[in-house]
Amino acid sequence: MAELEGLEFGKSDFVLLDEVNMEQFMENLKLRFEKARIYTFIGEVVVSVNPYKQMDIYGKEAIDAYRGRELYENPPHLYAVADAAYKAMKRRAKDTCIVISGESGAGKTEASKYIMQYIAAITNPSQRAEVESVKNVLLKSNCVLEAFGNAKTNRNDNSSRFGKYMDINFNFNGDPTGGHINNYLLEKVRLLRGGSEEMLGSLHLQNDPVNYVYTREGAASTIKFNPVIYDLYQIQFYNTRIMNCVSATPQGNLQFETDSESVQVVGLEAVSHIAGLTTTKPDNVTKSLLFRTVATGGGEVIEKGHTEKEACFGRDAFAKALYERLFCWIVARINAVIEVKDYNPVLHGKNTVIGVLDIYGFEIFENNSFEQFCINYCNEKLQQLFIELILRQEQDEYQREGITWQHIDYFNNQIIVDLVEQPHKGIISVLDEACLTVGKVTDTICLESMDAKLGQHPHYTSRKLTPSDKTMEFHRDFRIRHYAGDVTYSVEGFLDKNKDPLFQDFKRLMYNSSNPVLKEMWPDGQLSITEVTKRPLTAATLFKNSIVALVDKLGCKEPYYVRCIKPNEMKSPVLFDDARCQHQVAYLGLLENVRVRRAGFAYRQPYARFLQRYKMTCEYTWPNHLMETDREAVEAIVTQHGFQDDVAYGHTKLFVRTPRSLFTLEQERAALIPILVLFLQKVWRGALARMRCQRMRAIYAIMGCYKRYKVKAHFWEVERRFTNVRNMADYGKSVEWPTPPAALAQFDSITQQLHRRWRARQIVKNIPPSDMGEVRAKVAALGALSGERKDWGCGRPWERDYLSNVRDCPQTSSNFIRISKELRNKDQYNQVLFSGFCRKVNRFNKSTDRALFITEKHIYKLDPKKQFKVLKRLPLESVSTGSEELYTHTHTHTHTHTLVIQPHDRIGELLGTLIDHFTRSVATVRGCWVETGIGFRLQRGAELKQAKPNFTELAWLSINCSQ
């Protein structure tokens, strides 16, 4: 760091001072302030001096310069400590916190804002929308909380009148995912200033704080109104009725007067304004201001009228409580917006936290009251934490680890903390006991009780205990010797401020308001007077509990400190008040911190963790060492880099004295990391490929075994189902075939075909030879007409020669028998293929009875009315395509007439007989067209093929048999 800034700017780290004493410390601090170097290190602690002017050291270039750098790589800056806290959180997955301390006006609030802006700037490089939304709310909430919780005082333009601790949650990538705010509010009165005249008029306000009792002693606020309204909308505050709550608090101008019997409100216009702003009834407001509802021991409820003093007390308590409830409600709403949602450690990894504490500083005024007592107690607790974590913890660690070094004396303020908070003996216990005592207990009586119990304490005194000290008043003042100096407190008002001063009537009034925001702020108002039995905790106890919880929360995190110093009381950018600054350096314990850091070591780490981080920088420790202990491996790393004289070896940790040694290790590690990452990627990708290959082999092996099993299982199932088909009446026709695996689909089809052929053969074997002709004809007809005709005569016997059948033609059979004999003698045919009646339909749709007689040689058309006279004879072997060509189907037709077979179911018999005849004669059927549009052409070998029909005609059958 000395190399980064010239000697003209002084020492950038107080550890580098030639001699550690107050003179050199103050000389270096003043020089750096005059040279506009407002930040200085004490090891990892940043000392910040308020410059009281804008400085150009917070832009994007500064953020880029400090991002990812070590503390000692750049000049001191708030960004350095913020980046250190962020790196510790991200690298080691440790919760960290940044504690910003100092007195009022030292620049704590501005420091916290710069830290928040830096963290927001270095996170979420991928610009994910949900992360940007969280960052935006976290930043905007600062402005809103300042507007409602800060004030311009005589000592500070933007004084925090409340304490704020913000936890920022981060995911495993280091991006903010949410947060939570804890507030510690003391001062409870504000005035809505900056709004338009129209808005102020609607809220019954004037734009001048002097006109109001609660604000006339302070100074005008510098916070702009419109940006606050904008930020409220940015963090999802859409209900502007919260301004009514702000406007209702300055109504302390409400006055009371006492007539002969009771107390009355002076002028009812103010009551109407309060009722309008709180959306309650004016009568109820008046009643709450003038009366108090009390439950007696017997359960009876009575109304007790206030005295004028009690009415004023209740008015003030109500106004302050209204503002306090509003502030707490705003914080709760912000927390609801920024809380981490849908977090699952298994899916999202560890959730780490950075805490930022911005709380009121140590205060010493001419008149110090209950508020200063609480503020200074808080600072005592924080100083105790600082001592625990930075001073005593450091020295205790050296002793535990067996590191020889010079012991540094420091002041442990635990004795002052006990003076305030010790049970039964501390000041808070005395105050609570006085508040709980029945009867008239005054502040003076409470002071006497503290004198009695704490008179022997070395850090407590009063005028009664030291009568010669005329700086304190009898029966009013007591003094505490704080670590920051002696503070004299006035006990006046302690008891009233410590009690819960708000009557239950006001709580019920607000709970019954028509404003849903107000109703939500006062949930305890739903209790009736008989249900409210438990006395609420006092203000001091509540504050003590919250501060103890805060210290516990900070104690479990790795702390980083920003110690703020106020250079002067004039808010001047050039004036450096030596006495004022020296006082702050003393009570902040900065000199002791320098001594501890100078005598000690800047960096310490357990051997295992140090080895894990830097083992790649040494050939003897990468990837794993073979030495007996981790300490020996760490010694090998240190020896290889030549740091033997800059380290000390403890029992469990390595201590490094100067940051330069650690910086050298970090540089070498950063250079090796890309090489190691590439190597690990190569190894891991190879491992992934091998695992993938093994899985694929296993998958294929399993698939092969499973396929073989499915094939065998299919065979076993087929064998089981068809074992007894020979003995079945239908030879297995009713047996359902099992679904085959995909690999056996074709095989299964062939197997079923074979079974059908075998089954057919078994059936055919049992058919008499005399019936085989009919069977062959039916099979031929089935092949030609399957799916085309429903009734083609398959289910009846085929007699073929119907004209000679006496049963079918009892009156004409004898004539036909005679004619057939004549034709047999004449044409010498041996077999009648078909004979039957038909009707001839000419082109004029006139029909005539005809008979058709087919033998293996000729086709005859006969006239049944003329004793079967032969009208036409055509040789079956050569049917011409002339004008008298014969067609058959359900009806056959020529160009001039159509022959319709009677009855229709004999067309199948005729077609099957002809196909069987020509098949057996190895003939050719040129065309077989059916009316439905699908035809079959029978070629040699009885092969069936599809052919396209002519849809303009009826179905026809053309038979042309050649030699």
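What comes next is a walk through the structure. (Residues numbered from 1 in each chain as written. Predicted model: local features only at pLDDT ≥ 70, side-chain atom pairs only at ≥ 80, totals over all residues. Heavy atoms only, no water.)

1. Considering the pairing of strand 19 (residues 653–656)
What counts, and what does not: Any residue under 20% of the maximum accessible area for its type is buried, any over 50% is exposed, and the rest in between are partly exposed; the area is computed with a 1.4 Å probe on protein chains only. Helix numbering and strand numbering both begin at the N terminus, where a helix is a DSSP run of H or I of at least 4 residues and a strand a DSSP run of E of at least 2. In short, DSSP must find at least two bridges between two strands for them to pair.
Neither face of strand 19 is exposed, since Lys653 and Phe655 on one face and Leu654 and Val656 on the opposite face are all buried. Pairing of strand 18 (residues 647–649) with strand 19, which is carried by three bridges, proceeds in the antiparallel orientation. Residue alanine 648 lies in a different strand from strand 19, and its bridge partner there is phenylalanine 655. Here strand 18 folds back onto strand 19 in antiparallel fashion, the turn holding three residues.

2. A closer look at the environment of leucine 31
Going by this rule: In what follows, residue pairs with any heavy atoms lying within 4.5 Å of each other are defined as contacts.
With respect to the secondary-structure elements, leucine 31 resides in helix 1 (residues 22–34). In the structure, leucine 31 is positioned 20 residues away from lysine 11 in sequence and 9.3 Å away in space, judged by C-alpha atoms. Leucine 31 has contacts with Glu8, Phe9 and Gly10, leaving out every residue within four places of it along the chain.

3. Things to note about a positive patch on the surface
Here is the rule: Like-charged residues are merged into a patch within 9 Å and nonpolar side chains (Val, Leu, Ile, Met, Phe, Trp, Tyr) within 5 Å, provided each residue has over 30% relative accessible area and no salt bridge. Accessibility throughout is a Shrake-Rupley quantity obtained with a 1.4 Å probe, and a residue counts as covered only by protein chains that appear here. Take a side-chain nitrogen of Lys or Arg and a carboxyl oxygen of Asp or Glu: if they are within 4 Å of each other, that pair is a salt bridge. The charge count includes Lys and Arg as positive and Asp and Glu as negative, but it does not include His or the ends of the chains. Every charge is mapped onto a representative atom, which is NZ of Lys, CZ of Arg, CG of Asp or CD of Glu.
Judged by side-chain charge, Lys309, Lys440, Lys499 and Arg535 come together as a positively charged surface patch. Within the element layout of this structure, lysine 499 appears in the loop between helix 17 (494–498) and helix 18 (504–511).

4. Things to note about the nonpolar core
Side chains of nonpolar character tend, in soluble globular proteins, to be buried together. Let me state the cut-off plainly: Buried Ala, Val, Leu, Ile, Met, Phe, Trp, Tyr and Cys residues form a nonpolar core when they are joined through side-chain atoms within 4.5 Å.
In terms of nonpolar packing, the biggest core is built from 80 residues, with Ile115, Phe256 and Val562 touching the most fellow members. Broken down by element, this core gets its largest block of residues, 15 residues, from helix 11 (residues 308–338). For phenylalanine 256, the contacting residues outside a window of four places in its chain are Val263, Gln264, Val265, Val266, Leu289, Leu290, Glu308, Ala311, Cys312 and Arg315. Leu385, Leu495, Leu554 and Leu588 belong to the second largest nonpolar core, which has 71 residues in total.

5. Brief notes about unusual backbone geometry
That bond from tryptophan 622 to proline 623 is cis: its omega, -5°, falls within 30 degrees of zero. Tracing the backbone through its elements, the reader meets proline 623 in the loop between helix 23 (607–614) and helix 24 (630–641). Despite not being glycine, histidine 475 shows a phi value in the positive range, around 60°. If you trace the backbone, histidine 475 turns up in the loop between strand 13 (460–462) and strand 14 (477–482). Assessed through its relative accessible area of 53%, histidine 475 is described here as exposed.

6. Some points on helix 18
Taking burial as the measure, the eight residues of helix 18 include seven buried ones, the bulk of the element. Among the residues making up helix 18, those that are buried are Gln504, Asp505, Phe506, Lys507, Arg508, Leu509 and Met510. Close packing links the buried residues of helix 18 with helix 9 (269–278), helix 10 (282–290), strand 10 (291–295), helix 11 and helix 19 (516–521).

7. Side note on the pairing of strand 8 (residues 255–258)
In this sheet, strand 9 (residues 263–266) lies alongside strand 8 in antiparallel orientation, the contact comprising four bridges. Bridging across to strand 9, glutamine 255 finds its partner in valine 266. In textbook terms, the turn of a hairpin is the stretch between consecutive antiparallel strands, and for strand 8 and strand 9 this stretch comprises four residues.

8. A few points about the packing of aromatic side chains
Here a ring pair, both rings aromatic, is described through the centre-centre distance and the interplanar angle of the planes. Quick reminder of the rule: For this analysis, a ring pair means two rings from Phe, Tyr or Trp (six-membered ring only for Trp) whose centres lie within 6.5 Å, classed as stacked if their planes differ by under 30 degrees, edge-to-face if by over 60, and tilted for the remaining angles. We call a charge positioned over a ring when the NZ of a Lys or the CZ of an Arg lies within 6 Å of the ring centre and within 35 degrees of the ring normal.
Per the stated rule, a full pass over the model turns up 27 aromatic pairs. Judged by centre distance (5.5 Å) and plane angle (25°), the rings of phenylalanine 853 and tyrosine 860 are stacked. With respect to class, phenylalanine 853 is no different from tyrosine 860; both count as buried. Here the aromatic residues Phe370, Phe373, Tyr460, Phe478, Tyr489 and Phe494 are joined through ring pairs into a cluster of three or more. When the ring centre of tyrosine 511 is taken as origin, the NZ or CZ atom of lysine 519, which lies over that ring, is 3.9 Å away. We note lysine 778 situated over the ring of tryptophan 798; from NZ or CZ to the ring centre the distance is 5.6 Å.

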